[in-house]
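Single-letter residue listing:
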Amino acid sequence: MIKGNFIDNLPKVYGIYTGGFLAFIIIMSIGEQMGMTAKVIGICFVAFTVAIYAIIGYLSRTAQADAYYVAGRQVPTVFNGMATAADWMSGASFVAMAGGIYFKGYGYMALLVGWTGGYVLVASLLAPYLRKFGCYTVPDFIGTRYGGNLTRFLAVVVLTVASFTYVTAQINATGTIASVALDIPFQYAVYVGLISILLCSMLGGMRGVTWTQVAQYIVLIIAYLLPVFWISNKMGAGFFPHFMLADEVSRIAELEAQFGFVKNSAENLKEVPKGLAGITKAHSAVNATPWAFISLALAMMMGTASLPHVMMRYFTTPSVKAARKSVGWSLFFIFLLYSSAPMLATLSKLSLIDPSLPTGIIGKSIAEVQSIDWYQNWNQANLMFVSDFNGNGTLELNEFFMGGKAVVLATPEIAGLPYVISGLVAAGGMAAAMSTADGLILAIANAISHDVYYKIIDPKAETAKRLVVARVLLVVIGFAGATIAAMEIQGILGSVIWAFDFAMSGLFFPLVLGVWWKRANREGAIAGMALGLISGAGYLIWVRTGGSGFLGITQLTFGIFGSAVSLVAMVVVSLMTSAPNAATQKMVDEVRVPAGRSILGKQ
Amino acid sequence: MSKQEQHWEKSKGLLMMTLAIWFIFSIGIFLFGAEMNEVTGPFGYPLTYWFTCQGSLGIFVILIFWFANRQEKIDEEFGFSERGDD
């Protein structure tokens, strides 16, 4: 069916797929009308979509190194854009972003700016040049550009630290969704999630991951946009929310002024279940200092340009030109979701707090709120809580608490959408978490199998053997991630943001200067990677253990310190040691020109 | 200057311009976030709020496509573009 000129048939194949998925949604909603229970619908959505991904993964199986590592370098720009968007948008983006905006407002929006602005750096500083280089992995570039096994090894270390921090959070997310949708304990659900993830990547490597990620993008974007548009229309807020919610935003500001932000006493807050928060920050006002906003945005931008699982997606395009365009398409597809998150946050907040809306609960009596069906459901799921702190019997703004996930998960139900939408949202969250986990696990396994095993340990290994090693590593890393995720050490490993800081501390300047500064040499790169990562990690530990930090650099932006150390170390050490040899300099010249053979050629 | 050096000079010029625009909309405007938010922006949203929701994000998308086209032109001008298309 999709053999032979599969690439030429892509629009058709994914067109049929999208149509099939929409038909599935309609069948499910008919099923709901006919009395299918919520639980069965949830199971159908998750099981059906995961089965499709597994089939795509199986059809993409390969025994060729080029296909396994870089999908044969023939992924068209637009499809690579979709795959990158799915690779990029994690379970956290999908489930928690709107919640972050809902609770923290402007201070959190720095992440939106950072996670998109970073792509300008990817497009202009790195992606096209690394594509010309013709490498399989990011450490492959570092190792060849600077020479020596130590540089290659250090790049693998930075990659592993950053990606592993990230991947446990993703496996955790797949486990959470699988456990809710399939109604099994979390400890087992994590491994169900892991097996789903491995089904996509094990047989086909990058090729399998590419075509499943495209499929996952389609599911996740439908699952995100459909409820936003539906809710907006149902509330009468406007048929195209992005352009029409100005009145709603100003209404929220008006209500905030009316209610005021009453601060709760520590004693009262003890009653509130862990992980839930109240509305304490203005929705659309500027509530962070310029530096707090800018430093977080900057850290996320530089981190974006250093995360290997994103960069390696651009190794799969047919040409340098295509790599550049593909970055644009990636960001376009990301933009579709990111620009919708603030709209969802606005709709969700207004529908809850506006007393003039039928869904509004502020100002109602506590007993009345506690008798609402959806309140009872989400209270049971530990995502909603009310308490009459001041004893007046009426719910005030400061007496209502919600979990961050509830904005995406509960708003459809609050707005009175059919349950089929909740099933769809679960499938979307699963797709988002799986696609990112796949990209990350593959990035780590490929770096270790290609750079450590093939390039350092056994350069004479045959392709078949290399691919066996790559697949074994994939499984081992997946299980390691799942095991840690199953231990639920949330506070430590939950922070996706740390992954960006680790990546930028160790890799940003070695990568950028590798292309843009011919004088950068091996010693400089070693110093840059090692000192960058060590100082970044050191700063994080210092702040976590009660250190005060400096220059307003927090545990979320420690990469700014790490990368600054990396830059200084790299420049100083490079200048103190001898310039790279003529062959290396010539290599850099060739990287800067799109035409001609790639540096590493076809291996 | 050799053809290759000229090509690189032009590419660096384009990079600088791209990074300048990037800097303005990712960092520059947020130095004045509080002041700008008093102004009503597109579609009636407060201006800074609009930039964080849509404005900056959309500008980055356009900026990357613009950059890619300009760089392609530079490559063609010096005969360094690849054969075949994407």
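> Looking at this structure, how should I read the overall build of chain B?
Helix and strand content of chain B: three helices and zero strands. Start at the N end of chain B and walk to the C end: the helices and strands fall as α-α-α. For chain B, whose C-alpha radius of gyration is 18 Å, the value lies well above the compact-globule estimate of 12 Å for 86 residues. Dimensions along the principal axes, computed over C-alpha positions, put chain B at roughly 50 × 30 × 10 Å. Here chain B holds 86 residues, and the buried ones make up 35% of them. Excluding contacts between residues fewer than 6 apart, the proportion of contacts in chain B whose partners are at least 24 apart in sequence is 53%.

> What am I meant to see in the overall build of chain A here?
Across its full length, chain A holds 27 helices and three strands. What you see for chain A is a C-alpha radius of gyration of 24 Å, in line with the 25 Å of a compact globule of 603 residues. Burial analysis of chain A (603 residues in total) assigns 57% to the buried set. Long-range contacts, defined as pairs at least 24 residues apart, comprise 83% of the intrachain contacts of chain A with a sequence gap of at least 6.

> Mind showing me how you'd approach the sheet that holds strand β3 (residues 400–403) of chain A here?
In any sheet, the strands associate via hydrogen bonds between backbone groups, in a parallel or an antiparallel arrangement. Residues and elements named next belong to chain A. Taken together, three strands build an open sheet; the order of strands is β1-β3-β2 and the sheet is antiparallel. This sheet does not close on itself; its edge strands, each paired only once, are β1 (276–277) and β2 (384–386). Note: β1 against β3, two bridges, orientation antiparallel. Directly across from Ala277, in β3, lies its bridge partner Met402.

> What's the story with helix α26 (residues 558–576) of chain A in this structure? I'm lost.
Note on helix geometry: an α-helix contains 3.6 residues per turn, so any two residues three or four positions apart are oriented the same way. Residue and element names in this part refer to chain A. The end-to-end C-alpha distance of α26 is 27 Å, a good match for the 27 Å that 19 residues give at a rise of 1.5 Å each. Buried residues of α26: Phe558, Gly559, Ile560, Phe561, Gly562, Ser563, Val565, Ser566, Ala569, Met570 and Ser574, and no others. Those residues of α26 that are buried are in contact with α14 (290–304), α24 (496–516) and α25 (522–544).

> Sorry if this is basic, but what is going on with the interface of chain B and chain A here?
One frequently used descriptor of interface size is the decrease in accessible area upon assembly of the parts. Across the boundary between the two partners, chain B contributes 41 residues, which contact 45 residues of chain A. Where the side of chain B that touches chain A is concerned, the elements lending two or more residues are α1 (3–26), α2 (33–36) and α3 (47–77) of chain B. At 18 residues, α3 of chain B tops the list of elements feeding residues into the side of chain B that touches chain A. Considering only residue class, the side of chain B that touches chain A consists of 22 nonpolar, 15 polar and four charged.

> Explanation requested: unusual backbone geometry in the structure shown.
If a residue is not glycine, its phi is most likely negative; likewise, a peptide bond is most likely trans. At Ala71 of chain A, a position not held by glycine, the phi torsion is positive, near 50°. Mapped onto the secondary structure, Ala71 of chain A falls in the loop between α3 (65–70) and α4 (77–88). Even without being a glycine, Phe43 of chain B presents a positive backbone phi close to 60°. Considering the arrangement of structural elements, one finds Phe43 of chain B in the loop between α2 and α3.

> Please clarify how the domain arrangement of chain A should be interpreted in this entry.
Residues and elements named next belong to chain A. Looking at the assigned domains, one finds that chain A contains domain 1 (8–235 + 285–345 + 419–591) and domain 2 (242–284 + 346–414). Measuring from the centre of the C-alpha atoms in domain 1 to the corresponding centre in domain 2 gives 33 Å. With 23 residues of domain 1 at the interface, the matching set in domain 2 holds 22 residues. Sorting the residues of the side of domain 1 that touches domain 2 by element identifies α5 (91–104), α10 (205–234), α17 (341–353) and α21 (419–457) as the ones contributing at least two each. Of the residues forming the side of domain 1 that touches domain 2, the biggest block, eight residues, is contributed by α5. Partitioning the side of domain 1 that touches domain 2 into residue classes produces 15 nonpolar, seven polar and one charged.

> Please clarify how the confidence of the model for chain A should be interpreted in this entry.
Low-confidence regions, as indicated by low pLDDT, have predicted coordinates that should not be scrutinised in detail. In this model, chain A carries a mean pLDDT of 86, and residues with pLDDT of at least 70 account for 98%. Mean pLDDT values over the elements of chain A span from 48, in helix α23 (residues 490–493) of chain A, up to 94, in α26 of chain A.

> I would appreciate a short explanation of the nonpolar core in the present structure.
Side chains that are nonpolar tend, in soluble globular proteins, to be buried together. Within the largest apolar cluster, 235 residues are counted, with the highest numbers of intra-cluster contacts made by Leu126, Leu130, Val158, Leu220 and Ile441 of chain A together with Ile64 of chain B. Counting residues per element, this core draws most heavily on α21 of chain A, at 21 residues. Beyond its immediate chain neighbours, meaning those up to four positions away, Ile64 of chain B contacts Tyr119, Val120, Ala123, Val327, Gly328 and Leu331 of chain A.

> Is there a simple way to think about the pairing of β3 of chain A in this case?
Note on strand geometry: in a regular strand, side chains alternate between the two faces of the sheet. Residue and element names in this part refer to chain A. Taking every second residue as pointing to the same face, both faces of β3 are buried, with Phe400 and Met402 on one and Phe401 and Gly403 on the other. Where β2 lies against β3, three bridges are found, and the strand directions are antiparallel. Note on β3: the bridge partner recorded for Phe385 is Phe401.

> For this particular structure, what's the right way to read the environment of Thr316 of chain A?
All names here are of chain A. With respect to the helices and strands, Thr316 occurs in the loop between α15 (308–311) and α16 (320–338). Owing to 27 C-beta atoms within 10 Å, Thr316 belongs among the buried residues under this scheme. Separated by 249 residues in sequence, Thr316 and Ala67 place their C-alpha atoms 9.1 Å apart.

> What am I meant to see in α17 of chain A here?
Its 13 residues place the ends of α17 of chain A 18 Å apart at the C-alpha level, agreeing with the 18 Å of an ideal helix rising 1.5 Å per residue. Burial within α17 of chain A is extensive, with 13 of its 13 residues counted as buried.

> What exactly am I supposed to notice about the environment of Glu76 of chain B here?
Within the secondary structure, Glu76 of chain B is located in helix α3. Once the C-alpha coordinates of Glu76 of chain B and His7 of chain B are considered, the two residues, 69 residues apart in sequence, prove to be 9.9 Å apart.

> Just to check I follow, could you spell out the packing of α5 of chain A against α21 of chain A for this structure?
Residues and elements named next belong to chain A. Where α5 contacts α21, the axes come no closer than 6 Å and their chain directions differ by 135°. When the axis of α5 is compared with that of α21, the two are oblique. Contact with α5, carried on its side by Gly91, Ser93, Phe94 and Val95, involves Gly428, Gly429, Ala432, Ala433 and Thr436 of α21 and no other residues of that element. For the contact of α5 with α21, a count of residues per class yields four nonpolar, five polar and no charged.

> Honestly, the packing of α17 of chain A against helix α20 (residues 406–414) of chain A in this entry has me stumped. Any pointers?
For any two helices packed against each other, one specifies the inter-axial angle together with the distance between the axes. Residue and element names in this part refer to chain A. Between α17 and α20, the least distance of the axes is 10 Å, while the angle of their chain directions is 50°. On the basis of the axis angle, α17 is oblique to α20. Here α17 runs over α20; the crossing is left-handed. Between α17 and α20, the residues in contact are Leu344, Ala345, Leu347, Ser348, Ser351 and Leu352 and Val407, Val408, Thr411 and Ile414, respectively. A per-class count over the contact of α17 with α20 returns seven nonpolar, three polar and no charged.

> Please explain the environment of Tyr17 of chain A as it appears in this structure.
Residue and element names in this part refer to chain A. Structurally, Tyr17 is set in helix α1 (residues 10–33). Assessed through the 16 C-beta atoms surrounding it within 10 Å, Tyr17 is described here as partly exposed. Through-space distance from the C-alpha of Tyr17 to that of Val219 is 9.9 Å; in sequence the pair is 202 residues apart.

The rules behind each value
Residues numbered from 1 in each chain as written. Chains lettered and ligands numbered in written order. Predicted model: local features only at pLDDT ≥ 70, side-chain atom pairs only at ≥ 80, totals over all residues. Helix = DSSP H or I, 4+ residues; strand = E, 2+ residues; numbered from the N terminus. Rg over C-alpha atoms; globule rule 2.2 N^0.38 Å. Buried ≥ 20, exposed ≤ 12 C-beta atoms within 10 Å, placed from the backbone. Contact = placed C-beta atoms within 7 Å. Pairing = 2+ DSSP bridges. Expected span 1.5 Å × (residues − 1). Nonpolar A, V, L, I, M, F, W, Y, C, P; charged D, E, K, R; others polar. Domains from an automatic or database assignment. pLDDT = per-residue confidence, 0-100. Core = buried A, V, L, I, M, F, W, Y, C linked by C-beta atoms within 7 Å. Axes fitted to C-alpha atoms, helices over the stretch in contact; angles between N-to-C directions. Parallel < 35°, antiparallel > 145°, perpendicular 65-115°, else oblique. Left-handed = near helix turned anticlockwise from the far one by under 90°.

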